[in-house]
Structures are given as C-alpha cells and as structure tokens.
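Descriptive structure summary
Listed below, chain by chain, are the residues.
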Amino acid sequence: MVTPIEIYIDADACPVKEAIFKVAERYQLKVYVVANHPKRLPESSWIVPVVVENKFDAVDDWIASQVKAHDLVVTNDVLLADRCIKKGAVGIDPRGNILDENNIGEALSMRELLSELRQRGDLKTGPKSLGKKHRSQFLDNLDKIINQLIRKSNVK
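Residues numbered from 1 in each chain as written. Predicted model: local features only at pLDDT ≥ 70, side-chain atom pairs only at ≥ 80, totals over all residues. Heavy atoms only, no water.

Scanning the entire structure with this criterion turns up seven salt bridges. Glu6 is the salt-bridge partner of Lys68, the closest N and O atoms lying 3.2 Å from each other. One end of the pair, Lys68, is in the loop between α2 (58–66) and β4 (72–74); the other, Glu6, is in strand β1 (residues 6–10), with 62 residues separating them in the sequence. By relative accessible area, which is 34% here, Lys68 ends up partly exposed. Taking relative accessible area as the criterion, Glu6 reaches 15% and is therefore assigned buried. Where Asp143 meets Arg26, a salt bridge forms, and the shortest distance between an N and an O atom there is 3.0 Å. (Salt bridge = Lys/Arg side-chain N within 4 Å of Asp/Glu carboxyl O. Helix = DSSP H or I, 4+ residues; strand = E, 2+ residues; numbered from the N terminus. Buried < 20%, exposed > 50% of the residue type's maximum accessible area, 1.4 Å probe, protein only.)

Where helix α1 (residues 17–27) contacts helix α5 (residues 132–152), the axes come no closer than 11 Å and their chain directions differ by 30°. Where α1 crosses over α5, the handedness of that crossing is right-handed. Contacts between α1 and α5 involve Ala19, Ile20, Val23, Arg26 and Tyr27 from the first element and Phe138, Leu139, Leu142, Asp143, Ile146, Asn147 and Ile150 from the second. Broken down by class, the residue content of the contact of α1 with α5 amounts to nine nonpolar, one polar and two charged. (Axes fitted to C-alpha atoms, helices over the stretch in contact; angles between N-to-C directions. Left-handed = near helix turned anticlockwise from the far one by under 90°. Contact = heavy atoms within 4.5 Å. Nonpolar A, V, L, I, M, F, W, Y, C, P; charged D, E, K, R; others polar.)

One can describe the packing of α2 onto helix α3 (residues 78–85) by two numbers: an axis separation of 9 Å at closest approach and a directional angle of 15°. On the basis of their axis angle, the class for α2 and α3 is roughly parallel. Read as a crossing pair, α2 and α3 show a hand that is right-handed. Within the contact between the two elements, α2 uses Asp60, Asp61, Ile63 and Ala64 and α3 uses Leu80, Arg83 and Cys84. (Parallel < 35°, antiparallel > 145°, perpendicular 65-115°, else oblique.)

Right, let's get into unusual backbone geometry. The backbone phi angle of Gln28 is positive, close to 60°, even though this residue is not glycine. As for its position among the elements, Gln28 is in the loop between α1 and β2 (30–35). A positive phi angle, near 75°, is found at His70, a position not held by glycine. Within the fold, His70 resides in the loop between α2 and β4.

Here is the structure:
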C-alpha cells in the first residue's frame, strides 16, 4: 500500500538522495526529485524526476506549490522549509536536523544572524562537511519523521 505521504527533495545539492530512496522504498513512499538540471536516478515508479526552469528559486517555488500537510521536504534551504511548514509539512536537512513548526522561527533567526555575520566579514567559513555522524543522524531522524507522519495521517 502506498501512503499519501510524499517526499520532496531539493535535489541540486542533496548528498543523501540514495539514503532517502532506500527508506522511501521500505515505506512505499513517492519521492519527487526536484532540480534545475536532469539527475541520474534509479528507475522506479515511485521516484519522480522533476526538472524545472533554471531560474532563481524555481525549485523552491515548485516544491512549495506541490507540498501538502504530512509531506516531508529534504532541503538545506530554511526559507523553503518555512514555506512548506506553513502548509503542514515537515522539513529535514541532510545533517538530520528536523525543521517543523516548533523550531522554524529559531532556524530563520539563526540564518539571518549568520548571513549578517558573513556580510560583515566576521564569519569566514561555512558548515563542516557531511560526516558519518550526520548521515547516521539523518537516517535516524528520517525514519522517525516518516513514522510520525504516517501516524498523523492515520495511515497504517
């Protein structure tokens, strides 16, 4: 049985697509892989490649227009996560940080602070590279979120 929960991947810079595919297959979830350029993907009826125009925010706009309550969005983009959370979805970044209505305000504030520090030249580096710990946290939280969303949508 395919659940009504769907996963949307902001795919242009997503390093955890393969992990998402494995988990989605286990739960029989449809996955939309949204990018500005075609991606090499496994052939499957539940993996849907979506190529949008190569315009600023085209990927974000497509995802935000399609996502619905109880869906999951995988993105590093806090602004996209905020747009989706407002529609009842949940976000997770490739490091496994969950973004939802309980913490999106804090995440937006942190984004604004870091942006200001970078503009002033007070912050010279970006985030550390993705490591084993992050991948493990991502998989754990991905599974946790999917189970919560299944319960919320009353799908068994």
